[in-house]
Structures are given as C-alpha cells and as structure tokens.
Amino acid sequence: MGSFKGRHIISLRDMSVDDLGTIVEATARVKSGGAADMLRGSTVAVMFFEPSTRTRLSFESAILQSGGRVFGFASPGASSQSKGESFADTIRTVTGYCDAMVIRHPVEGAARLASELATVPVINAGDGANQHPTQTFLDLFTMEEEFGRLDGLKIGMMGDLKYGRTVHSLAMAMAHFGARMTFISPPNLRMPDSAKAELLARGIGFTEVQQPEEAGVDLDVLYITRIQKERFGDPQEYESVAHCYRLTCETVRALGGSVRIMHPLPRVDEIAEEVDTLPNAIYFRQAHNGVPTRQALLGLVTGGLE
Amino acid sequence: MTERTYKVYSITNGTVIDHIPTPLALKVVRILGLGQEGILTIGMGFTSKRLPGGKDIVKIENRVLSRSETDMIALIAPEATINIIKDGAVLEKRRISLPEGVTGILRCPNPNCATQQLGARPDFRLVDPVGPVYRCRFCERATKVDADLLMHATRD
Ligand SMILES: [Zn+2]
C-alpha cells in the first residue's frame, strides 16, 4: 500500500488498483466513525473557478466534519483572477496559506498545472470535460458498500457516454476490477472510440446497446448520467437526444428487479421520481458518500489518516 | 543523382538528415529549432528509390545532433536517416525512433486545454506508435500527430 501523504489527486490515470483499494478502505473507516478529527490543525483552500455548488459543499462539509478549517471562493468573480492575476500566480500565492488545495476549473488540465506549482497536495474537483476523480472514488465506495466487493461486477452505463466524463472515469476505474460493461446510449452519444480502445487494450470487453431493456436481466448496477446541454456545441443535436431516456419502475422490473440504480446527480428527467422509493435506488446514498470519501482523501494526502 | 547531391552539399563536420519525404525538410528544421546558428543547407525534391515522392536532405554544419534531438524527427518523418560526419567521413549512421515524451514541440489541438488557456508548457506521452498517437499530459486527450501541430521553433 503506497503512502498518500503529500500526493496530488489529479486523474484516474495516475491511480493503481491498490490506490483505489486504499481510498475505498479509508472511506469505510471514516464512515464507520473510526477517524474523527483527522484534519484538526489543517487548513484547506477550496477554490472554484467555476461554480458547482454540490461538489463545493460536499468538500466543505468533509473538511469541517474532520475538524479542519476551510477558506476559498465559490466562483471566478470572487477570485483575484477577475482583477487579472494569472492562474499560476493565484496558485503560487495560495499554496503558502494552506495544507491542501481543492480546485475546480473549466479548463482541462488546470489541476495538473496547479499541482506543478503548488507545494501542498492538490485535489482535482473537476477540470472541464476531463477528470473528476473524487466522483469516481465515491462511486467505487458505494458499489463496495453495496456488494462487499468490486471485482467482476456487471455494470450498465446509460445516457451521454460521449461527453460524460463521469462514465469515462468510471469505466477506466472498473477496468481495474474486471467489470463486465454494457454501454446504453443513442447512436450519436456512444462511448468515444478512444475510450473503447483503452478498454480493449486492457483486455476489457463490452457490449453496446440503445435501450436499457437490451442490457439483459443480470446487471448488478445501472449507472445513469444526465445529458448535459452545455456539453453540446449544436443545440439541435442536444434537442434530438435530450429526453430519450426515462427510467421507471417498469424498466427496473424489466432489468430483473435486483439491479441497483446509481446516478451522479443532479438528475433532470432521466429517472422518474417513482423509482426513488424502490430499494434499488441508491443514488441519494451515493451522493451522501461524497462526504466520507472526500474526508478520507483529504486525510490521506495531509497525513492525518494513515 | 545521389553522387551529385553529395558532391554539391558535402560537409566536413556535422549532421546530415537524409530520406526526408519531400516536402517536409522545412518542417524538420522547425522541429529541431534550427536556423539561428551555423550553416544550414536544405535540398528538396531529389529522386529516391526508397521514397517515390522524392526526398529532401538537411545538412547542419559543425553541429552533432543528439539522439533525443534526432528522435523528434520521427514525429513527422520516421523514414529519415541520420549521418554524423567527422573530418569528411561518416562517423555514425543512426536510425531514429519515436520519442516517449515530447515537450514543447507539439501544440495540443484542444482549445480548452491548459496549454492553450493557462500557459502550461505542452507535454505529450506516446500512447500508440501507429499514427503516431500522443496524449497531452494536461487535458489527457490523445492526438494523432501531424505536421500542422508543430509549434514555431523555440529551443529551450
Ligand atoms: Zn491538451
């Protein structure tokens, strides 16, 4: 088990299967109350160069619940960047004020660049369409909690598989655990060839279908993502697929009835509210798991959690 | 023909880059960041048995390029061959191979990449020698290399 102290958390590409196991195991310890106050005496900067209220609040809650202190900004207008300071100078300055940094930025690679300028650990809370590793860690933890294992799960991913970074990262992570994957999307939102080539290169096969009912009756997990308007250059392309999926209780039954439904939230209309009360629906617990996951990660990189 | 090219352009000391497919000679010069120093001779459009479309030759006087420098040529002209000349004789014949890492020579085509938006220095890793395909270390997109992605020469 490699030490995480001082380490930057930027991309799933940097993570080994052991790293993922360490994070999942540490999250379980935190969630069961076994690691209180691990950020006592630590100060964390939470800098959001684009707004994302849920992710920011989840990080801030994680820091406060672990006894740490937090400062930062929630949108670019509140940062000195609006006065023309360069991103690099902001990072070089703030690194002297804190023990770890959480960064969200609309530019792809911003967190990687920050990690090269900062002298404290940097955690990527989303860089454009590229990576959002803590989302993947909390997804993995939720599956481990649900099934008691990550190896060999059968997972369907449905929605925008073309632009959805969440599913790209999840597929990359699940490849470590020999998952059997089914990709469910309209033809123009299929998993990109580059992502599929990476899976094949690692010996992971997959199936592509257009409707959830075609995924068979033995899925362990159906992971649904929102079709995000802002990812489309062409509004007509968006309209053509905007409301193509709506998961109902009937769909859950068609999938064999025991499938767990996951979603990174927020949802629009891709899951009917009637599904919320089924025991299959675990997406709210999944969202809540964001806090212990981020607590564990901050504990690991600051050294407060061994 | 070959006889004539070597007579006309022969150098006593330095580096000869041969078998560059026409018309890539100027791009090779750009990849190497040459042009500021020493005597550079460029010949274009020679007939070649190996390259039906013709070949270009670049000769750099009084400078021996390192392997890491000449490997960069493989990004656009993997067929090229290198001869290191000393005192009028060929000291070393060198084959080139794709570099594992490329820093500061290629630009990332993703307009939303930190290399384009935040001043990060472009840095790529080889992912597939067929193409060849390189991955940007910042935005992590894989890009098939072509000569249009060459940045203007800066050697540092
Ligand atoms: Zn890039």
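The structure displayed is predicted, hence computed values, not measured ones. (Residues numbered from 1 in each chain as written. Chains lettered and ligands numbered in written order. Predicted model: local features only at pLDDT ≥ 70, side-chain atom pairs only at ≥ 80, totals over all residues. Heavy atoms only, no water.)

### What to know about the overall build of chain B
Thinking step 1. Of the regular secondary structure elements, chain B holds 4 helices and 9 strands.
Thinking step 2. Taken from the N to the C terminus, the helices and strands of chain B come in the order α-β-α-β-β-α-β-β-β-α-β-β-β.
Thinking step 3. Computed over its C-alpha atoms, the radius of gyration of chain B comes to 16 Å, within 12% of the 15 Å expected for a compact globule of 156 residues.
Thinking step 4. Across its three principal axes, chain B shows a C-alpha extent of roughly 50 × 30 × 20 Å.
Thinking step 5. Taking contacts inside chain B between residues at least 6 apart in sequence as the whole, the part at least 24 apart equals 61%.
Thinking step 6. Carbon and sulfur atoms make up 52% of the accessible area of chain B, which totals about 8,000 Å². (Helix = DSSP H or I, 4+ residues; strand = E, 2+ residues; numbered from the N terminus. Rg over C-alpha atoms; globule rule 2.2 N^0.38 Å. Contact = heavy atoms within 4.5 Å. Areas by Shrake-Rupley, 256 points an atom, 1.4 Å probe, with all protein chains shown as cover.)

### A word on the interface of chain B and chain A
Thinking step 1. Each side of the interface is counted separately: chain B has 13 residues, and chain A has 16 residues.
Thinking step 2. If you sort the residues of chain B by the area they bury against chain A, Leu118(B), Phe138(B) and Glu140(B) come out on top, with a joint share of 47%.
Thinking step 3. Counting every contact that joins chain B to chain A gives 5 salt bridges.
Thinking step 4. Glu140(B) serves as the salt-bridge partner of Arg112(A), at 3.5 Å between the closest nitrogen and oxygen.
Thinking step 5. Remark: the boundary between chain B and chain A carries 11 residue pairs in polar contact (both at pLDDT 80 or more).
Thinking step 6. Looking at side-chain class alone, the side of chain B that touches chain A contains 6 nonpolar, 3 polar and 4 charged residues. (Buried area = accessible area lost by both parts, 1.4 Å probe. Salt bridge = Lys/Arg side-chain N within 4 Å of Asp/Glu carboxyl O. Polar contact = N/O pair within 3.5 Å; in protein donor to acceptor, adjacent residues only side chain to side chain. Nonpolar A, V, L, I, M, F, W, Y, C, P; charged D, E, K, R; others polar.)

### What to know about the coordination of the zinc ion
All names here are of chain B.
Thinking step 1. Every protein donor of the zinc ion is listed here as Cys 108 (SG), Cys 113 (SG), Cys 136 (SG) and Cys 139 (SG), and their distances to the metal cover 2.3 to 2.4 Å.
Thinking step 2. Coordination at the zinc ion is tetrahedral: its 4 donor atoms span angles of 100 to 119 degrees at the metal.
Thinking step 3. Within one chain, the residues donating to the zinc ion are spaced in sequence as C-x4-C-x22-C-x2-C.
Thinking step 4. By relative accessible area, Cys 139 is classed as buried at 2%. (Donors = N, O, S within 2.8 Å, 3.2 Å for Na, K, Ca; no water. Tetrahedral: all angles 85-135°; square planar, octahedral: opposite > 155°, others 65-115°. Buried < 20%, exposed > 50% of the residue type's maximum accessible area, 1.4 Å probe, protein only.)

### What about the environment of Ala173(A)?
Residues and elements named next belong to chain A.
Thinking step 1. Counting through the fold element by element, Ala 173 comes out in helix α6 (residues 165-175).
Thinking step 2. Considering only alpha carbons, one finds Ala 173 and Met 15, 158 residues apart in sequence, at a separation of 8.6 Å.
Thinking step 3. Ignoring sequence-local partners within four residues, the contact set of Ala 173 consists of Leu 12, Leu 20, Thr 136 and Leu 140.

### Structural notes on the packing of aromatic side chains
Residue and element names in this part refer to chain A.
Thinking step 1. Going through the model one piece at a time under the given rule, you end up with 6 aromatic pairs over all chains.
Thinking step 2. An angle of 35 degrees between the planes, with centres 5.3 Å apart, marks the rings of Phe 183 and Phe 206 as tilted. Residue Phe 183 is located in strand β6 (residues 180-184), and its partner Phe 206 is located in strand β7 (residues 206-209); the two are separated by 23 residues in the primary sequence.
Thinking step 3. Residue Phe 183 is classed as buried on the basis of its relative accessible area of 1%.
Thinking step 4. Within the aromatic cluster, the residues linked to one another by ring pairs are Phe 49, Phe 73 and Phe 87.
Thinking step 5. The lysine or arginine in question, Arg 7, covers the ring of Phe 4, its NZ or CZ lying 4.7 Å from the ring centre.
Thinking step 6. Directly above the ring of Phe 59 sits Arg 294, whose terminal nitrogen or CZ lies 4.9 Å from the centroid. (Phe/Tyr/Trp six-rings, centres within 6.5 Å; stacked < 30°, edge-to-face > 60°. Lys NZ or Arg CZ within 6 Å of the ring centre and 35° of its normal.)

### Describing the sheet that holds strand β5 (residues 154-158) of chain A
In a beta sheet, neighbouring strands pair by backbone hydrogen bonds and run either parallel or antiparallel.
Residue and element names in this part refer to chain A.
Thinking step 1. Taken in spatial order, the 5 strands make up an open sheet running β7-β6-β5-β8-β9, and their pairing is parallel. In this open sheet, the two edge strands, each paired with only one partner strand, are β7 and β9 (260-262). Neighbour to neighbour, the strand axes of the sheet diverge by 20 degrees on average, direction disregarded.
Thinking step 2. Pairing of β6 with β7 involves 4 bridges; the strand directions are parallel. Note that in β7 the partner of Ile 184 across the bridge is Val 209. (Pairing = 2+ DSSP bridges. Axes fitted to C-alpha atoms, helices over the stretch in contact; angles between N-to-C directions.)

### Topic: the sheet that holds strand β2 (residues 40-46) of chain B
Residue and element names in this part refer to chain B.
Thinking step 1. Here 5 strands make up an open sheet; going across it, the order is β2-β3-β1-β4-β5 and the pairing antiparallel. Of all the strands in the sheet, just β2 and β5 (89-95) have a single pairing partner and so form its edges. Strand-to-strand, the axes of this sheet are offset by a mean angle of 15 degrees, without reference to chain direction.
Thinking step 2. Direction of pairing for strand β1 (residues 14-21) relative to strand β4 (residues 81-86): antiparallel, over a ladder of 5 bridges. Paired with Thr 15 across the two strands is Ile 84, which belongs to β4.
Thinking step 3. Here helix α2 (residues 25-32) sits on the sheet and contacts β1, β2 and β3 (55-61); the angle it forms with β2, its principal contact strand, is near 145 degrees.

### Points about α6(A)
Thinking step 1. The element α6(A) is largely enclosed, with a buried count of 10 among its 11 residues.
Thinking step 2. Along α6(A), the positions that sit buried rather than exposed are Arg165(A), Thr166(A), Val167(A), Ser169(A), Leu170(A), Ala171(A), Met172(A), Ala173(A), Met174(A) and Ala175(A).

### Focus on the domain arrangement of chain B
All names here are of chain B.
Thinking step 1. Each domain of chain B was delimited in the assignment, giving domain 1 (14-94) and domain 2 (101-149).
Thinking step 2. On a C-alpha basis, the centres of domain 1 and domain 2 stand 24 Å from each other.
Thinking step 3. Facing 5 residues of domain 1, the contacting portion of domain 2 comprises 8 residues.
Thinking step 4. Approximately 590 Å² of surface area, both sides summed, lies buried where domain 1 meets domain 2, with 76% of it carried by carbon and sulfur atoms.
Thinking step 5. The largest share of the area that domain 1 buries against domain 2 comes from Lys 27, Met 72 and Leu 75, three residues that together contribute 71% of it.
Thinking step 6. Our enumeration of links across domain 1 and domain 2 arrives at 0 salt bridges.
Thinking step 7. Remark: the boundary between domain 1 and domain 2 carries 0 residue pairs in polar contact (both at pLDDT 80 or more).
Thinking step 8. Taken together, the residues of the side of domain 1 that touches domain 2 sort by class into 4 nonpolar, no polar and 1 charged. (Domains from an automatic or database assignment.)

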